[in-house]
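# What the coordinates show
Listed below are the residues making up each chain.
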Amino acid sequence: MPVMDSLLSFVTSTLSSVLTNLVVAALILLVGFILGRVFGKQAKTILSEIGLNKFIYNFMGASFSLEDILAAFITYSAYFLTIVLALNQLQVSELVFNIIAFAIVFFVLLSIFLAIKDFFPNIFAGITISSKSMLRKGDHVKIDGIEGKVVEVGFYVTKLESNKDEIIFIPN
């Protein structure tokens, strides 16, 4: 019977430890995901009050939402930190953590690359257009069936005003 008692005691203590770690990890995930979402929404609100998208639109004529991108980055960074803390609580081996971290970093870098792939060529084209005075403010142009008067030649886009008084942004 002493062997049975010690075995039962070992199993009970081991299960207790594992269940405690699972509960704590679940709480870490719950709180972390809630905080990540709150931080992301708060960042979006602050960036909207600053008027970041309006600034980007006026400066470059770009219509993507940098506010949303930065808010999502903050949210997903908090999620990542939460997952790391939960895995640490579960004492997951370092190899599994490294594989997960590598996959996340790979997808983040791939997303960034795909998001900015057109940015640099347009900047270089804008510099070339400006430095060689290929287009000037007031010129009347027709580009890919779009006709209008050049209002501004920027580094990223060229603004045209159509005959219907519409402002058209054409990437350089």
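This text goes with the structure placed above it.
Calculation criteria
Residues numbered from 1 in each chain as written. Predicted model: local features only at pLDDT ≥ 70, side-chain atom pairs only at ≥ 80, totals over all residues. Heavy atoms only, no water. Helix = DSSP H or I, 4+ residues; strand = E, 2+ residues; numbered from the N terminus. Contact = heavy atoms within 4.5 Å. Pairing = 2+ DSSP bridges. Axes fitted to C-alpha atoms, helices over the stretch in contact; angles between N-to-C directions. Salt bridge = Lys/Arg side-chain N within 4 Å of Asp/Glu carboxyl O. Buried < 20%, exposed > 50% of the residue type's maximum accessible area, 1.4 Å probe, protein only. Parallel < 35°, antiparallel > 145°, perpendicular 65-115°, else oblique. Nonpolar A, V, L, I, M, F, W, Y, C, P; charged D, E, K, R; others polar. Phe/Tyr/Trp six-rings, centres within 6.5 Å; stacked < 30°, edge-to-face > 60°.

### With respect to the environment of Phe80
Tracing the sequence through the fold places Phe80 in helix α3 (residues 66–89). In the structure, Phe80 is positioned 48 residues away from Gly32 in sequence and 9.2 Å away in space, judged by C-alpha atoms. Once you skip the residues sitting within four places of it in the chain, Phe80 turns out to touch Ala101 and Ile104.

### Some words on the sheet that holds strand β4 (residues 167–171)
Spatially, four strands are ordered β1-β2-β3-β4 in an open sheet, and the strand pairing comes out antiparallel. This sheet does not close on itself; its edge strands, each paired only once, are β1 (140–143) and β4. Strand-to-strand, the axes of this sheet are offset by a mean angle of 50°, without reference to chain direction. Direction of pairing for β1 relative to strand β2 (residues 146–153): antiparallel, over a ladder of four bridges.

### Digging into the pattern of salt bridges
Enumeration over the complete set of coordinates arrives at three salt bridges. Between Glu67 and Lys44 there is a salt bridge whose closest N-O contact spans 3.5 Å. Of the two residues, Glu67 is situated in helix α3 and Lys44 in helix α1 (residues 2–50); the sequence distance between them amounts to 23 residues. With relative accessibility at 6%, the residue Glu67 sits in the buried group. Between Glu152 and Lys159 there is a salt bridge, and its shortest N-O distance comes to 3.5 Å.

### Examining the side chain of Lys159
Locating Lys159 in the fold gives a position in strand β3 (residues 157–161). Beyond its immediate sequence surroundings of up to four residues, Lys159 is in contact with Asn58, Lys149, Val150, Val151, Glu152, Ile168 and Phe169.

### Some details on the packing of helix α2 (residues 52–60) against α3
Viewed as axis vectors pointing N to C, α2 and α3 meet at an angle of 135°, and their least axial separation amounts to 7 Å. The orientation of α2 relative to α3 falls into the category oblique. Contacts between α2 and α3 pair Leu52, Asn53 and Ile56 from the former with Leu66, Glu67 and Leu70 from the latter. Along the lines of polarity and charge, the residues of the contact of α2 with α3 split into four nonpolar, one polar and one charged.

### Side note on the packing of aromatic side chains
Aromatic ring pairs are reported here in terms of the distance separating the ring centres and the angle at which the planes meet. As enumerated under the stated definition, the model contains four aromatic pairs in all. A centroid spacing of 5.5 Å and a plane angle of 75° characterise the contact between Tyr76 and Tyr79, whose relative ring orientation is edge-to-face. Here the residue Tyr76 and the residue Tyr79 both occupy positions in helix α3, the gap between them amounting to three residues, near one helical turn. Here the aromatic rings of Phe106 and Phe107 are separated by 5.4 Å at their centres, their planes lie at 70°, and the arrangement is edge-to-face. Put simply, the rings of Phe33, Tyr76 and Tyr79 pair up and form one aromatic cluster.

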